[in-house]
Protein chains: 2
Amino acid sequence: MSAVSTPEPTRRDQLLAIAAQLFAEKGFKNTTVRDIADAAGILSGSLYHHFDSKESMVDEILSTFQAELFGDYDEILASDEDARTKLERAVRVSFEAIDQHPHEVAIYQNEADHLGTFERFGYLADRNTQSRQVWVTLIEEGVRTGVLRPDLDVTLTYRFIRDTVWVAVRWYRPAQSRGGGHTHTEVADQYVRILLDGISS
Amino acid sequence: MSAVSTPEPTRRDQLLAIAAQLFAEKGFKNTTVRDIADAAGILSGSLYHHFDSKESMVDEILSTFQAELFGDYDEILASDEDARTKLERAVRVSFEAIDQHPHEVAIYQNEADHLGTFERFGYLADRNTQSRQVWVTLIEEGVRTGVLRPDLDVTLTYRFIRDTVWVAVRWYRPAQSRGGGHTHTEVADQYVRILLDGISS
DNA sequence: GTCTATATGTTGATAGAC
DNA sequence: GTCTATCAACATATAGAC
């Protein structure tokens, strides 16, 4: 989709995309600079012409992605729709992010806890707090306006939603490589339905 | 609870428990044999008196835990309760496993995909298939007997349940270290309610 | 922008003394 | 059952030629 508007990604961006895929598939620690260089068709030393360190690569991958994602969340929070619609939109935007940035989401899911313990990645903890505030705000607004059950444990509900949505990155495969699977929109439809109405008949 | 019935764990079991905690906290690759030896108060070379390799340690940790867990699942499948009760029990048994074996569950969640690519850990893929069969069987029985909605996408429903239940290991903290949190039974109660009836009012 | 060559540290694992 | 001592492999990163 957006490939048309960015016809010539810089060499730097190409390398970041290659690194993101490897970090997502094998893990950050498990991916060597040689792996990245090999996949790019250059030698490991050449990577250091573009980046300070392996760490700075994952840093740029994560911070760029998160800036975009939280821009979407902010827009939803600021809208004047009803709470149920906003919660639905937050779910849909998240599944869409998994569809369009699967590597970035996977890296965040797998490495954020560990990386967050280093000063350099302190912003990951901040974004985590911000994310919780987004979901909790939406759920509380839903309870207050009467569209959600009043007996909900808001924190637990937030955790269940966050977990189910984001861990989908482990099994969802984007359109290009999909064979008989669901689109991200279909997955979101099914989940929103189950979340709101349950599976009981 | 069970500490009374196993007063003297073998040195081998002590070392496995230490390794399991480190593997869960830092990841398998990220944990060095020196980390494990340090935590045990011995030197890295001494570990090789007890185990062939770091790999054999995680192997024993995972296979032991899975044998126990699937024993529980088999018992549920074989029972003559109605589908809804069996599904509830499967959820509860899973949250209980997170409570009692948090390190083992975390290791499986974080490392199974990667380890599963090696011959030695082929049983992880088998167990994964077995797990899917357990959940899908229970959901299909629920649909067939009319206790669950007939329009459910069984595979997606399975994935949502599996993900929400098991990823809880990332935030749930067992009783010893809990401060104002929920017991595993309370977490299971809340999730079963949301899963069956939804969050909508 | 990439390569050659290499520094420097860390890793899993081994052999044999105690 | 642990320690001493050590190896070979592999890791990230650097300096300077092309």
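Residues numbered from 1 in each chain as written. Chains lettered and ligands numbered in written order. Predicted model: local features only at pLDDT ≥ 70, side-chain atom pairs only at ≥ 80, totals over all residues. Heavy atoms only, no water.

Visitor: Is there a simple way to explain the nonpolar core in this structure?
Guide: The nonpolar side chains of a soluble globular protein tend to be buried with one another. The biggest cluster of nonpolar side chains holds 129 residues, and the ones touching the most others in it are F23(A), F95(A), F23(B) and F95(B). Residues contacting F23(B), with those up to four places away along its chain left out, are F28(B), T31(B), I36(B), K54(B), M57(B), V58(B), I61(B), I107(B) and E111(B). (Core = buried A, V, L, I, M, F, W, Y, C linked by side-chain atoms within 4.5 Å. Buried < 20%, exposed > 50% of the residue type's maximum accessible area, 1.4 Å probe, protein only. Contact = heavy atoms within 4.5 Å.)

Visitor: I tried to follow the protein's contact with DNA strand D on my own but got confused; where do I start?
Guide: If you check the shell around DNA strand D, you find 14 residues, and the closest are T32(A), R34(A), Y48(A), L43(B) and H50(B). Considering DNA strand D, the proportion of its atoms within 4 Å of the protein that are sugar or phosphate atoms stands at 64%. Interatomic distance of 2.9 Å between a side-chain N/O atom of Y48(A) and a phosphate oxygen of DNA strand D. H49(B) places a polar side-chain atom, nitrogen or oxygen, 2.9 Å from a phosphate oxygen of DNA strand D. (Near = heavy atom within 4 Å. Polar contact = N/O pair within 3.5 Å; in protein donor to acceptor, adjacent residues only side chain to side chain.)

Visitor: In this structure, what is going on with the protein's contact with DNA strand C? I would like to understand it.
Guide: Residues in contact with DNA strand C amount to 14 residues; listed here are only the nearest, L43(A), H50(A), V33(B), Y48(B) and K54(B). The share of sugar and phosphate among atoms of DNA strand C within 4 Å of the protein is 66%. Here a phosphate oxygen of DNA strand C and a backbone polar atom of V33(B) are 2.9 Å apart. In this structure, a base nitrogen belonging to DNA strand C sits 3.2 Å away from a side-chain N or O atom of R34(B). A per-class count over the surface near DNA strand C returns 4 nonpolar, 7 polar and 3 charged. (Nonpolar A, V, L, I, M, F, W, Y, C, P; charged D, E, K, R; others polar.)

Visitor: What exactly am I supposed to notice about the relation of the copies chain A and chain B here?
Guide: Look at the two chain copies: a rotation about an axis and a shift along it is all it takes to match them. For the match of chain A to chain B, the screw axis carries a shift of 0.0 Å, the RMSD comes to 0.1 Å, and the turn is 180°. Here the two chains are linked by the operation of a two-fold rotation axis. Minimal C-alpha separation from the rotation axis in chain A is found for G198(A), amounting to 1.9 Å. Of the residues that chain A buries at the interface, 100% are likewise interface residues in chain B, meaning the two copies contact each other through the same surface. (Least-squares fit on C-alpha atoms with pLDDT ≥ 70 in both.)

Visitor: How should the interface of chain A and chain B be read in this particular structure?
Guide: Think of interface size as the accessible area that goes away when the parts come together; that is how it is often given. Opposite the 39 residues of chain A that make contact, chain B presents 39 residues. Summed over both sides, the interface between chain A and chain B buries roughly 3900 Å², with carbon and sulfur atoms accounting for 55% of that surface. Sorting the residues of chain A by area buried against chain B places R149(A), F160(A) and I199(A) first, and these three jointly supply 20% of that buried surface. Between R193(A) and D151(B) there is a salt bridge, with its nearest N and O atoms 3.2 Å apart. For the pair chain A and chain B, the number of links is 29 residue pairs in polar contact (both at pLDDT 80 or more). Listing elements by their share of the side of chain A that touches chain B, those giving two or more residues are α5 (83-100), α6 (102-115), α8 (154-167) and α9 (184-197) of chain A. Taken together, the residues that form the side of chain A that touches chain B break down as 16 nonpolar, 12 polar and 11 charged. (Buried area = accessible area lost by both parts, 1.4 Å probe. Salt bridge = Lys/Arg side-chain N within 4 Å of Asp/Glu carboxyl O. Helix = DSSP H or I, 4+ residues; strand = E, 2+ residues; numbered from the N terminus.)

Visitor: Please explain the UniProt feature "DNA-binding region" (unreviewed entry) in chain A as it appears in this structure.
Guide: Feature annotation in UniProt places "DNA-binding region" (unreviewed entry) on residues 32-51 of chain A, given in this structure's numbering. Each end of residues 32-51 of chain A is marked by a C-alpha atom, and these two atoms are 14 Å apart; helix forms 60% of the span and strand 0%. (UniProt positions renumbered as here; feature names shortened; annotations may be inferred.)

Visitor: Explain the packing of aromatic side chains to me, please; I cannot follow it from the model alone.
Guide: In this description, a pair of aromatic rings is defined by centroid distance and the angle of the planes. Summed over the entire model, instances satisfying the criterion amount to 14 aromatic pairs over all chains. Their ring planes at 85° and their centres at 5.6 Å tell us that F70(A) and Y73(A) sit as a pair that is edge-to-face. Separated by 3 residues within a single helix, F70(A) and Y73(A) lie in helix α4 (residues 54-78), roughly one turn from each other. The class for F70(A) is buried, based on a relative accessible area of 4%. A relative accessible area of 1% means that Y73(A) is categorised as buried. An angle of 70° between the planes, with centres 6.2 Å apart, marks the rings of Y73(B) and W135(B) as edge-to-face. Taken together, the residues span a long stretch of sequence, with Y73(B) in helix α4 (residues 54-78) and W135(B) in helix α7 (residues 122-144) at a distance of 62 residues. Across the pair, exposure class does not vary: Y73(B) and W135(B) are buried alike. (Phe/Tyr/Trp six-rings, centres within 6.5 Å; stacked < 30°, edge-to-face > 60°.)

Visitor: Just to check I follow, could you spell out the packing of helix α7 (residues 122-144) of chain A against α8(A) for this structure?
Guide: Each packed pair of helices is defined by two parameters, the angle between the axes and the distance between the axes. Residues and elements named next belong to chain A. Where α7 meets α8, the axes come as close as 9 Å, and the angle between the chain directions of the two elements is 120°. Between α7 and α8, the angle is such that the two are oblique. In this structure, the crossing between α7 and α8 has a hand that is right-handed. Within the contact between the two elements, α7 uses R132, W135, V136, I139 and E140 and α8 uses V154, T157, Y158 and I161. For the contact of α7 with α8, the class distribution of residues is 6 nonpolar, 1 polar and 2 charged. (Axes fitted to C-alpha atoms, helices over the stretch in contact; angles between N-to-C directions. Parallel < 35°, antiparallel > 145°, perpendicular 65-115°, else oblique. Left-handed = near helix turned anticlockwise from the far one by under 90°.)

Visitor: Looking at this structure, I do not really get the packing of helix α1 (residues 11-26) of chain B against helix α2 (residues 33-40) of chain B. What am I missing?
Guide: All names here are of chain B. Remark: α1 packs on α2, axes separated minimally by 10 Å, with the N-to-C direction vectors making an angle of 125°. Relative to α2, the element α1 is oriented oblique. Viewed along their axes, α1 and α2 form a crossing whose handedness is right-handed. Where α1 approaches α2, its residues R11, L15, I18, A19, L22, F23 and K26 are matched on the opposing element by D35, I36, A39 and A40. In terms of residue class, the contact of α1 with α2 is made up of 8 nonpolar, no polar and 3 charged.

Visitor: Explain helix α6 (residues 102-115) of chain B to me, please; I cannot follow it from the model alone.
Guide: Note: α-helices contain 3.6 residues per turn, so residues at a spacing of three or four share the same orientation. Across its 14 residues, α6(B) extends 19 Å between first and last C-alpha, which sits within 8% of the 20 Å expected from 1.5 Å per residue. Along α6(B), the largest kink reaches about 40° and is centred on Q109(B). (Expected span 1.5 Å × (residues − 1). Bend = angle between axes of the 7 residues up to and from the residue.)

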